[in-house]
Amino acid sequence: MAENTRTILICSGKGGVGKTTLTANLGIALANSGATTAVLDADFGLRNLDLLLGLENRIIYTAQDVLDKNCRLEQALVRHKKEPNLALLPAGDPRMLDWMKPEDMKTISELLSEKFDFVLVDCPAGVEDGFKNALAACKEAIVVTNPELSAVRDADRVIGILNTSDIEPIQLVINRVRPNMMASQEMLSIEDVQGILSLPLLGIVLEDE
């Protein structure tokens, strides 16, 4: 049993800021460092995490099947062939959103916490029910944004909700950073984004041209 498991919500206000890509890469990096890591796809509407990890053809059961007791957790976990410490728990059918409750996500998170050092929850963008469900499963959060005003404004709304929950720490990753565009003021600077969002900066990811 993994004691002191870190369950981390990876969220953003706006779609398309690279949140799922960050989840996949962070999962691989943690697994590579020797930490047993589960990535939970909580984005039932879009379900892209399996594609990014190259596991889409190996899914038999999902989180929905685990909750319905159609299978054991171990049967639903898809192990990464190149990273033995990494496993994906796929999202269920998009119709799950109609009946999924925060308690259901909490149940899934607790099952994963018994087996893994890290649980990364890829959360749907925005602040709707999918976000609230994923939030219930986590103890800490990473907010992902691009250095653009619309993305930062939406991230600020998400942070407002995180600040009223029992989530700590809440850290910031600024993704798709282009230093040349920042220099010409076509993009917000790192200092601008930090000033607006008032979060500790976990890291920046440069745009790969």
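Please refer to the structure placed before this passage.
Remember, predicted model here, so these are calculated numbers, not experimental data.

Q: Whenever I open this one, the pairing of strand β6 (residues 140-145) confuses me. Can you help?
A: Two faces, one strand: in a regular strand the side chains alternate between the faces of the sheet. Among the six residues that make up β6, six are buried, leaving the element largely enclosed by the rest of the structure. Because side chains alternate across β6, one face comprises the buried residues Glu-140, Ile-142 and Val-144, and the other comprises Ala-141, Val-143 and Thr-145, equally buried. Pairing of strand β1 (residues 6-11) with β6, which is carried by four bridges, proceeds in the parallel orientation. Directly across from Cys-11, in β6, lies its bridge partner Val-143. Here β6 runs beside strand β7 (residues 170-177); their pairing, made up of five bridges, is parallel. Across the sheet, Ile-142 pairs through a bridge with Gln-171, a residue of β7. Regarding topology, helix α7 (residues 149-163) serves as the crossover connection from β6 to the parallel β7, and that connection is right-handed.

Q: Help me understand the sheet that holds strand β4 (residues 86-89), please; the structure alone is not making it clear to me.
A: The strands making up a sheet are joined through hydrogen bonds of the backbone, oriented either antiparallel or parallel. As summarised here, the arrangement of the eight strands in space is β3-β4-β2-β5-β1-β6-β7-β8, forming an open sheet in which the pairing is mixed. Strands at the two margins of the open sheet, each flanked by one partner only, are β3 (78-79) and β8 (201-206). In the sheet, β3 pairs with β4 via two bridges, with the strands oriented antiparallel. Counterpart to Val-78 in the pairing with β4 is Leu-88. Packing of helix α5 (residues 102-113) onto the sheet brings it into contact with β1, β2 (37-41), β4 and β5 (118-122), and relative to β2 it is tilted by some 165°.

Q: What should I look at first to understand the side chain of Gln-171 in this one?
A: Tracing the backbone through its elements, the reader meets Gln-171 in strand β7. A relative accessible area of 18% places Gln-171 in the buried class. The residues contacting Gln-171, other than those within four sequence positions of it, are Glu-140, Ala-141, Ile-142, Val-143, Leu-199, Pro-200 and Leu-202.

Here is what the cut-offs are and how they apply
- Residues numbered from 1 in each chain as written.
- Predicted model: local features only at pLDDT ≥ 70, side-chain atom pairs only at ≥ 80, totals over all residues.
- Heavy atoms only, no water.
- Buried < 20%, exposed > 50% of the residue type's maximum accessible area, 1.4 Å probe, protein only.
- Helix = DSSP H or I, 4+ residues; strand = E, 2+ residues; numbered from the N terminus.
- Pairing = 2+ DSSP bridges.
- Right-handed = clockwise from strand over helix to strand, strands pointing away.
- Contact = heavy atoms within 4.5 Å.
- Axes fitted to C-alpha atoms, helices over the stretch in contact; angles between N-to-C directions.

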